[in-house]
Amino acid sequence: MASSDPTKRPRPGPWPPAPDSGAMPPSSWAKRTGFRPKFSGETTASDSGQIAPAPKPKEPDSQVDLESGRSGAPLAANGEADREKAQVSSDKEQSLKKRRASDGGPTPKGSAHGPNGQAPTDPSTQPRVRLVRNEDVVDVLPQTIDDDGFVGRHSHMKYELRDTPGLVPIGLYGFQHYISILGSLILVPLVIVPAMGGTYEDTSNVVSTVLFLSGITTLLHTFFGTRLPLIQGPSFVYLAPALAIINSPEFQGLNGNNFKHIMKELQGAIIIGSAFQAILGYSGLMSIFVRLINPVVVAPTIAAVGLSFYTYGFTQVGSCLEIGAVQILLVIVFSLYLRKISVLGHRVFLIYAVPLGLAITWAAAFLLTEAGAYSYKGCDTNVPTSNIISEHCRKHVSQMKHCRVDTSHALKNSPWFRFPYPLQWGTPIFQFKMAFVMCVVSVISSVDSVGSYHASSLLVASRPPTPGVLSRGIGLEGLSSVLAGLWGTGTGSTTLTENVHTIAVTKMGSRRAIEIGACVLIILSLVGKVGGFIASIPQVMVAALLCFMWAMLAALGLSNLRYSEAGSSRNIIIVGLSLFFSLSVPAYFQQYGISPNSNLSVPSYFQPYIVASHGPFQTKYEGVNYVMNTLLSFHMVIAFLVAVILDNTVPGSKQERGVYVWSERQAARREPAVAKDYELPFRVGKVFRWVKWVGL
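The structure presented is a predicted model; accordingly, all values stated were derived computationally and were not measured.

Some points on the overall build of the protein chain
Then, number 1: Secondary structure assignment for the protein chain yields 28 helices and 2 strands.
Then, number 2: Sorting the 696 residues of the protein chain into buried and exposed places 53% on the buried side.
Then, number 3: Of all intrachain contacts in the protein chain linking residues separated by at least 6 positions in sequence, the fraction that spans at least 24 positions is 81%.
Then, number 4: Counting every atom, the protein chain has about 30,600 Å² of accessible surface; 63% of that belongs to carbon and sulfur.

Comments concerning the state of the cysteines
Then, number 1: Here the structure, examined in full by the defined rule, presents 1 disulfide.
Then, number 2: Disulfide pairing is shown between Cys-320 and Cys-403; the S-S distance is 1.9 Å. Across the disulfide from Cys-320 to Cys-403, rotation about the S-S bond amounts to roughly 120 degrees, and the bridge is consequently right-handed. You can see Cys-320 sitting in the loop between α10 (310-317) and α11 (321-337) and its partner Cys-403 sitting in helix α14 (residues 391-403), a full 83 residues away along the chain.
Then, number 3: Judged by relative accessible area, which is 1%, Cys-320 ranks as buried.
Then, number 4: Assessed through its relative accessible area of 3%, Cys-403 is described here as buried.

Some thoughts on the packing of aromatic side chains
Then, number 1: According to the stated counting rule, one finds 14 aromatic pairs in the structure shown.
Then, number 2: For the ring pair Tyr-660 and Trp-662, a centre distance of 5.6 Å and an interplane angle of 55 degrees mean the geometry is tilted. Considered together, Tyr-660 and Trp-662 belong to a single accessibility category, that of buried residues.
Then, number 3: Feature note: the residues Phe-236, Phe-309, Tyr-312 and Trp-550 constitute an aromatic cluster, connected by ring pairs.

Describing unusual backbone geometry
Then, number 1: Phi is positive for Arg-227, which is not a glycine, with a value near 70 degrees.
Then, number 2: Classification of Arg-227 by relative accessible area gives buried; the value is 5%.
Then, number 3: A positive phi angle, close to 55 degrees, is found at Leu-423, a residue other than glycine.

Looking at the side chain of Glu-477
Then, number 1: Mapped onto the elements, Glu-477 comes out in helix α17 (residues 467-487).
Then, number 2: There is no salt bridge for the buried Glu-477, and the closest opposite charge comes from Arg-472, which lies 11 Å off by N-O distance.
Then, number 3: A polar contact is formed between the side chain of Glu-477 and the side chain of Tyr-453, at a distance of 2.7 Å.
Then, number 4: Excluding anything up to four places from it in sequence, Glu-477 contacts His-221, Gln-232, Gln-277, Ser-445, Ser-449, Tyr-453, Ser-493, Thr-494 and Thr-495.

Structural notes on helix α18 (residues 498-506)
Then, number 1: Most of α18 is tucked away, with 8 of its 9 residues classed as buried.
Then, number 2: Listed as buried for α18 are Glu-498, Asn-499, Val-500, Thr-502, Ile-503, Ala-504, Val-505 and Thr-506.
Then, number 3: Close packing links the buried residues of α18 with α3 (167-180), α4 (182-195), α12 (348-351), α16 (432-460), β2 (493-495) and α21 (539-558).
Then, number 4: Note on α18: the residue one or two positions beyond its end, Lys-507, has a positive phi of about 60 degrees.

Regarding the side chain of Thr-203
Then, number 1: Locating Thr-203 in the fold gives a position in helix α5 (residues 200-224).
Then, number 2: What Thr-203 contacts, discounting residues up to four positions off in sequence, is Pro-189, Leu-190, Val-193, Pro-194 and Ala-535.

Points about the environment of Lys-676
Then, number 1: Looking at where Lys-676 falls in the secondary structure, it is placed in helix α27 (residues 672-678).
Then, number 2: Remark: the alpha-carbon pair of Lys-676 and Ala-461, spanning 215 residues in sequence, is separated by 9.8 Å.

Digging into the pattern of salt bridges
Then, number 1: Within the structure shown, the criterion is met by 5 salt bridges.
Then, number 2: As a salt-bridge pair, Asp-677 and Arg-162 come within 2.7 Å of each other at their nearest N and O atoms. Of this pair, Asp-677 sits in helix α27 while Arg-162 sits in the loop between α2 (83-103) and α3, placing them 515 residues apart in sequence.
Then, number 3: Assessed through its relative accessible area of 0%, Asp-677 is described here as buried.
Then, number 4: Looking at Arg-162, the relative accessible area reads 23%, which means it is partly exposed.
Then, number 5: Several salt bridges share partner residues, and in doing so they unite Arg-570, Asp-647 and Arg-657 into one network.

Observations concerning a nonpolar patch on the surface
Then, number 1: Together, Trp-416, Phe-417, Phe-419 and Tyr-421 make up a nonpolar patch on the protein surface, roughly 530 Å² of accessible area in all.
Then, number 2: Turning to its location among the elements, Phe-417 is positioned in the loop between α15 (410-413) and α16.

Remarks on the environment of Pro-538
Then, number 1: Structurally, the position occupied by Pro-538 is in the loop between α20 (528-535) and α21.
Then, number 2: When the C-alpha positions of Pro-538 and Leu-190 are compared, they lie 9.6 Å apart, and in sequence the two are 348 residues distant.
Then, number 3: When sequence neighbours within four positions are dropped, the list of residues in contact with Pro-538 reads Trp-362 and Val-405.

Considering the packing of helix α7 (residues 258-282) against α17
Then, number 1: Relative orientation of the contacting elements α7 and α17 amounts to 165 degrees, with a least axis distance of 7 Å. By the angle between their axes, α7 is roughly antiparallel relative to α17. The interaxial crossing formed by α7 with α17 has left-handed handedness.
Then, number 2: Class assignment for the residues of the contact of α7 with α17 results in 11 nonpolar, 9 polar and 2 charged.

A look at helix α13 (residues 353-370)
Then, number 1: Taking 1.5 Å per residue as the helical rise, α13 with its 18 residues ought to reach 26 Å, and the 26 Å between its terminal C-alpha atoms agrees with that figure.
Then, number 2: Along α13, the residues classified as buried are Ala-353, Val-354, Gly-357, Leu-358, Thr-361, Trp-362, Ala-365 and Thr-369. Here the buried residues of α13 occupy an arc of 145 degrees about the axis, which is enough to place them on one side. Opposite its buried face, α13 presents the exposed residues Leu-367 and Glu-370, each directed more than 90 degrees away.
Then, number 3: Looking one or two residues beyond α13, the residue adopting positive phi is Gly-372, at roughly 85 degrees.

Some thoughts on the confidence of the model for the protein chain
Then, number 1: On average, residues of the protein chain score 76 in pLDDT, and 69% of them are at 70 or above.
Then, number 2: Put simply, helix α1 (residues 29-33) is where the protein chain has its lowest mean pLDDT, 48, and helix α24 (residues 635-647) is where it has its highest, 94.
Then, number 3: Contacts from residues 596-601, a stretch scored under 50 in pLDDT, to residues over four places away or in other chains number 1 contact.

Criteria and cut-off values
Residues numbered from 1 in each chain as written. Predicted model: local features only at pLDDT ≥ 70, side-chain atom pairs only at ≥ 80, totals over all residues. Heavy atoms only, no water. Helix = DSSP H or I, 4+ residues; strand = E, 2+ residues; numbered from the N terminus. Buried < 20%, exposed > 50% of the residue type's maximum accessible area, 1.4 Å probe, protein only. Contact = heavy atoms within 4.5 Å. Areas by Shrake-Rupley, 256 points an atom, 1.4 Å probe, with all protein chains shown as cover. Disulfide = S-S within 2.5 Å. Phe/Tyr/Trp six-rings, centres within 6.5 Å; stacked < 30°, edge-to-face > 60°. Lys, Arg positive; Asp, Glu negative; His and termini not counted. Salt bridge = Lys/Arg side-chain N within 4 Å of Asp/Glu carboxyl O. Polar contact = N/O pair within 3.5 Å; in protein donor to acceptor, adjacent residues only side chain to side chain. Patch = residues over 30% accessible without salt bridge, like charges linked within 9 Å, V, L, I, M, F, W, Y side chains within 5 Å. Axes fitted to C-alpha atoms, helices over the stretch in contact; angles between N-to-C directions. Parallel < 35°, antiparallel > 145°, perpendicular 65-115°, else oblique. Left-handed = near helix turned anticlockwise from the far one by under 90°. Nonpolar A, V, L, I, M, F, W, Y, C, P; charged D, E, K, R; others polar. Expected span 1.5 Å × (residues − 1). Arc of directions from axis to C-beta. pLDDT = per-residue confidence, 0-100.

Written out as structure tokens, the structure reads:
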């Protein structure tokens, strides 16, 4: 019979109750490692963003004080509270009070949301969790439960959204943020300009324009968009459609300057597609459409963007294997094996893996070039391959062109000062079929941004944004892409997916740091030599960087599954089908890329993008054929269609699906911290307060 002594009766634990792991034998592997199974036998990441029962403290006598509504300190053997843990709790309460005071007052408990927007939990039933900070863990996103029962801001961040530590440190951190994400900013123009037939000078000018627009649009986004510290730039989402338009059959027989003509066609398509995205955001339709977008949809869609360029990556690296392979290995060593090494408190190798790998490889290739390793007597890289008579030169001409670093004259021919201006390539040309393709791509870009908004807000902000703030951000991205189309960057402007990884690694979430970094980027873009220097990066090194960047993009896309039950059979099947068909269906369409009677001399890695005019979809309407054959050959479009249909038709609980539930408008407006995070500056929010669908 159970003891009737109330002092010995066990008190109730947290609600909902944690799964019982006591059935496992003490000597089992699970007992030794601390593994705890879920209710359904499925596992999720520790930072999945779901509200789950807090882990039980290791002390066997820890209890929850239900009467006081707070978590009681665990009792020692003599019945007295552990002084050390009480001190930790006291320090945490003081820190929380200071934070609330800076936000303008206490946070209402009734409006608290979990990290993924889940329903609020009664704070009186949540035990206090003592956070153990482990500085060695730099690539996980820990969650901490505060006194109000919701997952609060991440204590491992050095600076959060509204922190301003000072001009010098914030300037250094802002510059660091842009350097760490440099690959995403410069690699897209380094691919598309040569594909359009542009010269090194054209590449230099486009790179300068991209840097200029990235600074401008980032400032616009931090002031009038979601106001999250997210860098805007040329996304890889726009790369596939740009290559499809560039390789359209009507451009293959052009004489003269192909670059300017194709660029004007791209500008027209980008402007119309971006205007559609702006309407989608500012009309409030995005706040309705976002109900269909969840982690199970975002994950395979973004992963498919990275996986779709496998035909380009190592194909180009193989043209000079001793340079390209070494660069890939260096980036892998820096980002993985040396990631925990700190220099002056900074994870230098992890943060700067890409620029460090590029610099070392470029220096080694320069030394080999100067030493004559790629010089052959009587051979000239400027002579076309078809005109080379010597068999000796024919054998080595490819190695000379791809391994030497002195074949580009972009740096020498670039001016010291150049101001990018609108319509610098001429008046845009508008075609319905290309514009419609870009409209669909702008939707995919919006899906990418939704995932970035949610993940970054969990890192740096007090709550996820409201649907109105999200719509405002998508609308501003549309306007930013219109500017990109007018200036002629060749791609639209959107939130770079790599932002979330960079914020988590650098632990810098300050909005001011991103704004100062954007100003520095604008100044650098006016120095023509900067664009010339970037344009002179050898193509084999660009391809090597892209191998790493696209692999990172695929992994970052799949990392969105941490907000759902990643081990659920439902989610596994949906993601698996989405990824498989995103590779298989485009492969079916891309096999029609070159017609049997065609004499087009197109590199093998661009052949998948020449499906537009003679794909399997054939009707009497040429424009419809172009749109359908082009869209169905895009991996990201197929992944999105399969995922969004299955995720919204196959039954599943909200927790299993990881449904994004954004902050409610009325609740957010009652919380001073949320208002300061997302409210528009300069009293603009009060002027447009009547526009409820694009604000708090």
